[in-house]
8 protein chains.
Amino acid sequence: MELDEVTISRAILSEQSRIMLDYFDLDCAIVGGGPSGITCAALLAEEGIKVALIEKKLSIGGGMWGGGMMFPRIVVQEEARRLLDHFGIKYTEYEKGYFVASSVEAVSKTLAAACDAGVEVFNLTTVEDVVVKEDKRVSGLVINWSPVEMAGLHIDPLTLRSKVTIDATGHDSTVAHMVRDKGGDLEIKGEGFMWAEKAESNILKHTKEVFPGLIVTGMAANAVAGENRMGPVFGGMLLSGEKAALLAKEALNLK
Amino acid sequence: MELDEVTISRAILSEQSRIMLDYFDLDCAIVGGGPSGITCAALLAEEGIKVALIEKKLSIGGGMWGGGMMFPRIVVQEEARRLLDHFGIKYTEYEKGYFVASSVEAVSKTLAAACDAGVEVFNLTTVEDVVVKEDKRVSGLVINWSPVEMAGLHIDPLTLRSKVTIDATGHDSTVAHMVRDKGGDLEIKGEGFMWAEKAESNILKHTKEVFPGLIVTGMAANAVAGENRMGPVFGGMLLSGEKAALLAKEALNLK
Amino acid sequence: MELDEVTISRAILSEQSRIMLDYFDLDCAIVGGGPSGITCAALLAEEGIKVALIEKKLSIGGGMWGGGMMFPRIVVQEEARRLLDHFGIKYTEYEKGYFVASSVEAVSKTLAAACDAGVEVFNLTTVEDVVVKEDKRVSGLVINWSPVEMAGLHIDPLTLRSKVTIDATGHDSTVAHMVRDKGGDLEIKGEGFMWAEKAESNILKHTKEVFPGLIVTGMAANAVAGENRMGPVFGGMLLSGEKAALLAKEALNLK
Amino acid sequence: MELDEVTISRAILSEQSRIMLDYFDLDCAIVGGGPSGITCAALLAEEGIKVALIEKKLSIGGGMWGGGMMFPRIVVQEEARRLLDHFGIKYTEYEKGYFVASSVEAVSKTLAAACDAGVEVFNLTTVEDVVVKEDKRVSGLVINWSPVEMAGLHIDPLTLRSKVTIDATGHDSTVAHMVRDKGGDLEIKGEGFMWAEKAESNILKHTKEVFPGLIVTGMAANAVAGENRMGPVFGGMLLSGEKAALLAKEALNLK
Amino acid sequence: MELDEVTISRAILSEQSRIMLDYFDLDCAIVGGGPSGITCAALLAEEGIKVALIEKKLSIGGGMWGGGMMFPRIVVQEEARRLLDHFGIKYTEYEKGYFVASSVEAVSKTLAAACDAGVEVFNLTTVEDVVVKEDKRVSGLVINWSPVEMAGLHIDPLTLRSKVTIDATGHDSTVAHMVRDKGGDLEIKGEGFMWAEKAESNILKHTKEVFPGLIVTGMAANAVAGENRMGPVFGGMLLSGEKAALLAKEALNLK
Amino acid sequence: MELDEVTISRAILSEQSRIMLDYFDLDCAIVGGGPSGITCAALLAEEGIKVALIEKKLSIGGGMWGGGMMFPRIVVQEEARRLLDHFGIKYTEYEKGYFVASSVEAVSKTLAAACDAGVEVFNLTTVEDVVVKEDKRVSGLVINWSPVEMAGLHIDPLTLRSKVTIDATGHDSTVAHMVRDKGGDLEIKGEGFMWAEKAESNILKHTKEVFPGLIVTGMAANAVAGENRMGPVFGGMLLSGEKAALLAKEALNLK
Amino acid sequence: MELDEVTISRAILSEQSRIMLDYFDLDCAIVGGGPSGITCAALLAEEGIKVALIEKKLSIGGGMWGGGMMFPRIVVQEEARRLLDHFGIKYTEYEKGYFVASSVEAVSKTLAAACDAGVEVFNLTTVEDVVVKEDKRVSGLVINWSPVEMAGLHIDPLTLRSKVTIDATGHDSTVAHMVRDKGGDLEIKGEGFMWAEKAESNILKHTKEVFPGLIVTGMAANAVAGENRMGPVFGGMLLSGEKAALLAKEALNLK
Amino acid sequence: MELDEVTISRAILSEQSRIMLDYFDLDCAIVGGGPSGITCAALLAEEGIKVALIEKKLSIGGGMWGGGMMFPRIVVQEEARRLLDHFGIKYTEYEKGYFVASSVEAVSKTLAAACDAGVEVFNLTTVEDVVVKEDKRVSGLVINWSPVEMAGLHIDPLTLRSKVTIDATGHDSTVAHMVRDKGGDLEIKGEGFMWAEKAESNILKHTKEVFPGLIVTGMAANAVAGENRMGPVFGGMLLSGEKAALLAKEALNLK
């Protein structure tokens, strides 16, 4: 068989535009491809829910790639060890209860699991705004190509509809900020001092729906709640992603 | 158990410095974390060979994340379908012999396989130079943190020893250029016009040892050989990575 | 009727991806949206030929928008006055034989004519490379989104097939340079001193097929031929676009 | 006839300085060359009113060139279809009531109409300030070359007098901000969440004189009023430009 | 003996990681390598206290290198002359009571003394945040590589524990700002007008513990207190560093 | 009398466009507003010759403003003292034969003299190219606004005709380079080592017509001739400007 | 006589350091080298007062070089014509009472007059802060080299003492802002809308001592007073400089 | 005693200008403040020779501050241990013959020794060119403030005379390049592959006078000779500085 450049080009555009047209209307949009976003996406998709993971960068994984101070290792505590096992991530025990894993492996294994479960990933995609109508809930996202913003161009966005939206954008908590800045009833307290123990114990409490249709997870949850900072310990991140998935599932059943 | 920030910090540094000290002396150093580099690393490590994958960016995956023109899909032809299967990457057939896969899934699955096989990944790591001594072969790499270069600082590098080095840096073919620019007997012809069919059929021929101790793979192989350009079809990339692994294995037995 | 964001989004993507899939295979690709490129595109499409006008910037019109030294007026001499009339561009006579028109009107009228004739415009699109196979002729273009390059990203391009390609990229003569730089038999002499009279009289002679499948027009024609420079007089540009259209038409009949 | 560079230079400067000297005193200054600005300019000039369209960029058309997410298509709804027809813009019906047109064609046709009607376009021109005297109305604009600002130079501006000024600068609503920031009695509420339906229905209501002598149109109208956001649907933009033209005409008769 | 690159690399990493692991828990962390920071570090280490000097730049010495207006001389007044003598810095008397020294010598001699006394210097290290737990005192620092920030990367930090922390960051008073910005009870008044006499006489009064566990010294002390500015007279800086050392020593005995 | 902004604007544009239209055809164009360019312009205009001084920066004076190493003083030797006197520049004698003047005064006095003599100054004006026709001599300049280049815009230039052109652009010798780079028969040897004595004695010899219609003066003369470098001694610069004026006058009589 | 580079260097440094040492203590420091600053400096020095003109740029003249919109002409009204005559600046009458002069000539003639009168100019010098002691008046300036700031370096400044300080920094009114920002009792209202007539008539009223020891002149005077904006009419600027000189003279007699 | 800002300013300028005036004529100019430059300067000054150390950065120490890969440790081998002892730098033995020291301590101790010996350090000083006259030897340096270059300004330099010049600028070998680029008879071969053993053994051989009056030391010596690269082992650097000092001393006796 002769390989043909035009057929290759058509295969790519045809397949991706088919998926994009379909995903302009979805169950759950997860913004931010860090550890809690990927975990949440994977667990939701495993339940057959139509999920898009939207990431502004070209690569998925966020701050997890760099470990701590560029040493590509992360620490996970006992409570979340079962999620390492769930995703097949290897680890060693440094001291009792402190499990060290490769940060690169952690990204690849959680993301592979998300892909296996059927998550569609939209990378290089920026969320510019949210849709809020008379029902006063987040019902969609206004998206654009990230390079449009990187290149300083002014180009109109497109819009997708989502029944539930999850803000997994880290301490920036971008989506929550958009809602707040345009008048949504939502207080953002900002991240507190470093105190890993407290931040890790409270993150599940802060993982919740903070505005109709909008759930926060991971560092975004802590930033909205004014919780302390955690550093390169990732147990809470994974567990928060798991809880966000549960909340999203519940929300979807109600609609 | 109480989570303690200092123990977390020590766990990360202690574990990673142990690995770095060990990996200053290794069997095979693969430079460049794109599809052929990851494939090559995974297949070598599956054989129990001590492999490091060195990538200057924070994330692994290179140009594969973006698919074609930011549409995150890649095309793989029939000959390489078995490697998609090997890594568990899902695909659909667009036209006979043209298989379309998610570019994000392709990255995560190949990388997950590499991690499972025991590859150590050094991301944010730049190769500044190579070691060539009286035996006139590449016997090591001179490395530095990428942010040192990104921040425009002048800081001395460190050096690792590798029995075989693989240049998987794409059309830049960075390692081959270093060898050539410092007087190594190695001609680099540069990439030709776009002609996917020809580029794909010849890439295996060009995947070879181009200087004692230095094997080129993927687009670096084609760039050194003056071969044509391929575009977003990835079969040849995967097969080239596979061949580079074979050649490296042979080279290691000879020493 | 209720306006719906998702339908708007789908309408845009659906319509444009249909056109892109179709235009991956076309009769004539014109690179560069300045005066000779637009003129050429308009005249070819008026003949029912399937033409794409590819421009790396967001807007079409190139250097014509700015007139001379930001004074948005252009001068056209007697020989080309009939093309001003053809496009419905108003003008006044400054001295005998020197017609002054608004540069903004000149852009809008020529572009409107091109659209009326059925030209498809791909703006924000960069040409990265050309397709040249065993028949040693330019038979396609390798394209990418311009913001990918503007943002410094490394993302694979897609490819389109064109029976004839026209380089209308101004003194950069980008396509001709690509052909030359990758070993095509094509000499580029560069633009000479300013000498409007001579440059204007010779431009039609230089508007020709300079490599199989590649016609040069406008300032690109003069730059390849080593002709003198013209300045803000646009008669030769329009006439060169007209001649390039004729040459392309002839070439298309031969295939 | 011999072409002469000096005559060409004199023709351009002489013609443009004549026009600039004349247009330092005009009926209506429209700031911003996007869809509502061009529409407004065209419709006013068709009535014989002396209109200048002032745009800071080199090209006219603003955000319309890029369609939605760089796919160069726009959607227009039923209510505004007659304006597409008025300007001769072709369209197809995607779903009932959703008309899709080429964004490039839309720019060129509206701008060509504006030129035909006698609008003078001042591109590369920045508005730095407004003239407000004892009558507490906007009675002129303080202008400069845009490259002066782009190059970071400090150079004094010149001033033009206009009986009516129209702010068509998009969500930045630049002129309204200048009036507000220097103490003019004018509240700017900022754009709300994305909600195309509501934004489109209310835009005509918001297109009005917001300060003596200053009318807002297009997204500037919605931004001042605190209205919702619309996305790449352009019916309201065109209709708002039409209404601004009507209001300007009324205002001019009163003086 | 044969010199071996791998042994060199291992020697450096092995030695430094041993020190870093040890210094994740220390007596006193001094942030900022200017004159008061170095002085304080040297005097504390002379007492056998475990001290780290943390500096974000590659070189230590801060603003002292440049003297006044790039003329590399500093002035020290009578009261602090004994500290010049203590560090072995040469000087000449310009007018009675005004001693002039080389700014380069002043840096090198104070730093040499600090190294002799056993201070560990962590250069290229940024303090991103502080640790404050239920006891409401600064009990640690959140650190990262400076090039991570310089290169615009998002990488998690590590954390070290310190019994006492000293803010010697100059007028930025970075650590004090972090404490204040995250809600710590600490007012920062900012530096006043230039008035060397007053600033020099009051600096010792302002050198104090401003928040539990946090002592300010040098210009940071004056900036927090709202004191006047001093210019290139360094007596107060050295004396303030000396006083901070005394305070730190007292604080360490209390714990 | 009431001051009116529109009249002010018209006064400025009207006056300057009148001058520009006139000066598109002139006797002598001097490129570069440093000491030799100003001197040459002043002396020529004193003879009633129609001279334009073209400078790319906003201010005139070039490197003279900064004296030596930002100390705003220049040295002039005995031979050129009479030119200091001619322009009314004050000086003191440092050692026998070394006269020191204020660099700021030197700029203002020479420029004031040039203005008095009737030189027209075009600042913020870049020379992009030269006019060379069948008579193979420089017969005009292609000019543009400097901010166009500073802002990275592509805008066509205008052209002026000059009987004689003087390159006073310093070591860049910009005009000479343009002639050489486009094939003019003119060798540029580049500046040699610092050796003030030799450079000063030879500069008059190098001040000459280096291509028909093009005279070089000041550092441009030395750079073309491969002469040594001079540093902040300005006697040769002033004398070279004087000689260039003489040569230009002779050349103008011949035509 | 043999020219010697070392003697040249010593002549420059020796002469300038002698002047700087002397001018660390002066009668009147004028900050900002625009038209009102130069005028004020010239008129004060003509009275034998020891004056320094401090300018952050390399060249003196400020915004006056560029005329209006880069057309290098300025307009002066009848009231200030006598100052044009005083400085020997040529002009033409455009309409009754509107005198047009070359902006370049205006800079050079005023500056030449200032140099003749004995003003010392410190260019490339930034004012970083002011000296205010117990007498609560501005009694000195904290200065640095501008390139230190331009290069982003942190280097200590030096200080000069002045009996009276004049802020001639244009709308930035830099010195007034420093006084206000550090708690001085001084309100800055900011510039109003463009209204040349009113701004010109009131500028003399606003030229006054706004804080003990600090007089404002030119646009700084209007900006502090909240006056309207003027544009490229310079009569008020020159007259304001003249009045500031009068006020400074009075202030100096009181001390 | 009352501290007075003006006296402080005068003390600094007076002292430094005295030194600069003196050092415009010196015995030995050493360019580059890295380890070999400092060592060489210290050893020469210990012999009473008048030495200036010229460094373009604000801080002295060059690449030594960063150790290897930002781990601030250096390795020194047995042969150079006596120089560590000479400067009082502490070290530990990692393996037999590999001594590890703090890179920060190494900088401060060598620099303190240089200051003690009487070296004058000119930091923030760029060498722009060299003086070479009829005797065809390097007899001086053309210097400027580094911030002038960093800020992109064009300001004339000053010149100093030196009997011997030492290029200690690292692999850039800046001074040698200047000599070569302006036609001096001097070949620069560039640095070879990493091979620490060979580079360290040969560096003393390459430390020599490469052009009359110009000695190269440290990495500049190896770069000129085409020697291999060394990495973060500093024995050779210190020994090369020592040898350069010997050669300079010999050269000075010959004159």
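The shown structure was predicted, so the numbers you read here are calculated from the model rather than taken from an experiment.

About the thresholds
Residues numbered from 1 in each chain as written. Chains lettered and ligands numbered in written order. Predicted model: local features only at pLDDT ≥ 70, side-chain atom pairs only at ≥ 80, totals over all residues. Heavy atoms only, no water. Least-squares fit on C-alpha atoms with pLDDT ≥ 70 in both. Contact = heavy atoms within 4.5 Å. Buried area = accessible area lost by both parts, 1.4 Å probe. Salt bridge = Lys/Arg side-chain N within 4 Å of Asp/Glu carboxyl O. Polar contact = N/O pair within 3.5 Å; in protein donor to acceptor, adjacent residues only side chain to side chain. Helix = DSSP H or I, 4+ residues; strand = E, 2+ residues; numbered from the N terminus. Nonpolar A, V, L, I, M, F, W, Y, C, P; charged D, E, K, R; others polar. UniProt positions renumbered as here; feature names shortened; annotations may be inferred. Buried < 20%, exposed > 50% of the residue type's maximum accessible area, 1.4 Å probe, protein only. Arc of directions from axis to C-beta. Disulfide = S-S within 2.5 Å. Pairing = 2+ DSSP bridges. Axes fitted to C-alpha atoms, helices over the stretch in contact; angles between N-to-C directions.

**Notes on the relation of the copies chain F and chain C**
Then comes step 1: Aligned on chain C, chain F shows an RMSD of 0.0 Å; the corresponding rotation is 90° and the shift along the axis is 0.0 Å. Taken together, the turn and the small shift mark the pair as related by a four-fold rotation axis.

**Observations regarding the interface of chain F and chain C**
Then comes step 1: Taken together, the contact pairs 22 residues of chain F with 18 residues of chain C.
Then comes step 2: Carbon and sulfur atoms make up 68% of the surface buried where chain F meets chain C, a total of about 1,800 Å² over both sides.
Then comes step 3: Our count for the contact surface shared by chain F and chain C stands at two salt bridges.
Then comes step 4: Of the charged contacts in the structure, one is a salt bridge between F:E128 and C:R229, with a shortest N-O distance of 2.7 Å.
Then comes step 5: In this structure, the connection of chain F to chain C is made through six residue pairs in polar contact (both at pLDDT 80 or more).
Then comes step 6: Looking at the side of chain F that touches chain C element by element, the count peaks at five residues for strand 7 (residues 125-132) of chain F.
Then comes step 7: Along the lines of polarity and charge, the residues of the side of chain F that touches chain C split into twelve nonpolar, four polar and six charged.

**Remarks on the UniProt feature "binding site: glycine" (unreviewed entry) in chain A**
Then comes step 1: Taking the UniProt record as the reference, the feature "binding site: glycine" (unreviewed entry) is found at A:R229.
Then comes step 2: With respect to the element layout, A:R229 can be found in the loop between helix 8 (219-225) and helix 9 (235-254).
Then comes step 3: The exposure class assigned to A:R229 is buried, which follows from its relative accessible area of 11%.
Then comes step 4: Residues within four places of A:R229 in sequence aside, it is in contact with A:E191, A:G192, A:F193, A:M194, A:W195, A:A196, A:A199, E:E128, E:D129, E:V142, E:P157 and E:K182.

**Focus: the interface of chain B and chain A**
By a widespread convention, an interface's size corresponds to the accessible area lost as its parts come together.
Then comes step 1: Counting residues at the interface gives 58 residues for chain B, matched by 58 residues for chain A.
Then comes step 2: Here chain B packs against chain A, burying approximately 5,400 Å² in sum over the two surfaces, 71% of which is carbon and sulfur.
Then comes step 3: Here B:R73 and A:E120 are joined by a salt bridge, their closest N and O atoms 2.7 Å apart.
Then comes step 4: Where chain B touches chain A, the interface holds 17 residue pairs in polar contact (both at pLDDT 80 or more).
Then comes step 5: When contributions to the side of chain B that touches chain A are tallied by element, the ones reaching two or more residues are helix 1 (5-23), strand 3 (73-77), strand 4 (92-95), strand 5 (98-102), helix 4 (103-117), strand 6 (120-122) and helix 7 (196-206) of chain B.
Then comes step 6: Top contributing element to the side of chain B that touches chain A by residue count: helix 1 of chain B, with eleven residues.

**As for the side chain of C:N228**
Then comes step 1: Here C:N228 is to be found in the loop between helix 8 (219-225) and helix 9 (235-254).
Then comes step 2: A distance of 3.0 Å separates a polar atom in the side chain of C:N228 from the backbone oxygen of C:F193.
Then comes step 3: If we skip the residues at most four places from it in the chain, C:N228 touches C:E191, C:G192, C:F193, C:M194, C:W195, C:K198, C:A199, C:N222 and F:V132.

**Some details on the pattern of salt bridges**
Then comes step 1: Here the structure, examined in full by the defined rule, presents 149 salt bridges over all chains.
Then comes step 2: D:K163 serves as the salt-bridge partner of D:D27, at 2.9 Å between the closest nitrogen and oxygen. With D:D27 in strand 1 (residues 25-31) and D:K163 in strand 9 (residues 158-167), the pair connects residues that are 136 residues apart, well separated along the chain.
Then comes step 3: On the accessibility criterion, D:K163 (39% relative accessible area) is partly exposed.
Then comes step 4: The salt bridge involving E:K182 is made with E:D129; its shortest N-O contact spans 2.6 Å. Highlighted residues: E:K182 in the loop between helix 6 (174-181) and helix 7 (196-206) and E:D129 in strand 7 (residues 125-132), separated in sequence by 53 residues.

**Digging into helix 6 (residues 174-181) of chain D**
All names here are of chain D.
Then comes step 1: Taken as a whole, helix 6 has its buried residues at V175, A176, M178 and V179. The arc that holds every buried residue of helix 6, seen down its axis, measures 160°, which confines them to one face.
Then comes step 2: A positive phi of about 100° marks G183, the residue just after helix 6.

**As for unusual backbone geometry**
Then comes step 1: A positive phi angle, close to 50°, is found at A:M69, a residue other than glycine.
Then comes step 2: Relative to the assigned elements, A:M69 resides in the loop between strand 2 (51-54) and strand 3 (73-77).
Then comes step 3: One non-glycine residue, F:L124, lies in the positive phi region at around 55°.
Then comes step 4: Positionally, F:L124 belongs in the loop between strand 6 (120-122) and strand 7.
Then comes step 5: A residue is classified by how much of its surface remains accessible, and F:L124, at 2% relative accessible area, is buried.

**Details of the side chain of F:D156**
Then comes step 1: With respect to the helices, strands and loops of the structure, F:D156 is situated in the loop between helix 5 (146-150) and strand 9 (158-167).
Then comes step 2: The contact partners of F:D156, leaving out residues within four places of it in the chain, are C:G63, C:G67, C:G68, C:M69, C:G231, C:P232, C:F234 and F:N144.

**Quick look at the state of the cysteines**
Then comes step 1: Counted under the stated rule, the structure contains zero disulfides over all chains.
Then comes step 2: Its sulfur unpaired, F:C40 is 5.8 Å from the next cysteine sulfur, which belongs to F:C28.
Then comes step 3: Free of any disulfide, H:C115 has its nearest cysteine sulfur in E:C115, 15 Å distant.
Then comes step 4: Residue classification places H:C115 among the buried residues on the basis of a relative accessible area of 4%.

**Some details on the arrangement of the chains**
Then comes step 1: Note that chain B does not reach chain F: the shortest distance linking a C-alpha of one to a C-alpha of the other is 25 Å.
Then comes step 2: Nowhere do chain C and chain H come into contact; their C-alpha atoms are at least 25 Å apart.

**Quick notes on the relation of the copies chain B and chain A**
Then comes step 1: The two copies are related by a screw motion: chain B maps onto chain A through a turn of 180° and a shift of 0.0 Å along the axis, at an RMSD of 0.0 Å. On the angle and the small slide along the axis, the relation comes out as a two-fold axis. Closest approach to the rotation axis within chain B is made by the C-alpha atom of B:S108, at a distance of 2.4 Å.
Then comes step 2: When you check the interface residues of chain B against chain A, 100% turn up at the interface there too, and the contact is symmetric in its surfaces.

**A look at the UniProt feature "binding site: NAD(+)" (unreviewed entry) in chain A**
Residues and elements named next belong to chain A.
Then comes step 1: Listed under "binding site: NAD(+)" (unreviewed entry) in the UniProt record, and renumbered for this structure, are S36, E55, K56, G63, V127, H154, I155, D156 and M219. Spatial dispersion of the annotated residues is evident: they stretch over 184 residues in sequence, and the largest pairwise C-alpha distance comes to 31.4 Å.
Then comes step 2: Tracing the sequence through the fold places I155 in the loop between helix 5 (146-150) and strand 9 (158-167).
Then comes step 3: Looking at the element boundaries, M219 is found in helix 8.

**What to know about the sheet that holds strand 5 (residues 98-102) of chain C**
Strand pairing in a sheet is mediated by backbone hydrogen bonds. Such pairs are either parallel or antiparallel.
Then comes step 1: Read across the open sheet, the three strands follow the order 3-5-4 (chain C); overall the sheet is antiparallel. At either end of the open sheet lies a strand with only one pairing partner, and these are strand 3 (73-77) and strand 4 (92-95) of chain C. Neighbouring strand axes in the sheet, compared pairwise and without regard to direction, differ in orientation by 40° on average.
Then comes step 2: Taken together, the five bridges between strand 3 of chain C and strand 5 of chain C define a ladder with antiparallel strand orientation. Opposite C:V76, over in strand 5 of chain C, you have C:F99 as the bridge partner.
Then comes step 3: Strands in contact with helix 4 (residues 103-117) of chain C are strand 3 and strand 5 of chain C; relative to strand 5 of chain C, the strand with the most contacts, it is inclined by about 75°.
Then comes step 4: Against the sheet, helix 1 (residues 5-23) of chain D touches strand 3, strand 4 and strand 5 of chain C, its axis set at about 135° to strand 3 of chain C.

**Quick look at the pairing of strand 7 (residues 125-132) of chain C**
All names here are of chain C.
Then comes step 1: Where burial is concerned, most of strand 7 is hidden: seven out of the eight residues are buried.
Then comes step 2: Sheet topology note: the strand 7/strand 8 (residues 138-145) ladder contains seven bridges and is antiparallel. Pairing of D129 across the sheet is with V142, part of strand 8.
Then comes step 3: Adjacent in sequence and paired antiparallel, strand 7 and strand 8 are bridged by five residues, among which K136 carries a positive phi angle near 55°.

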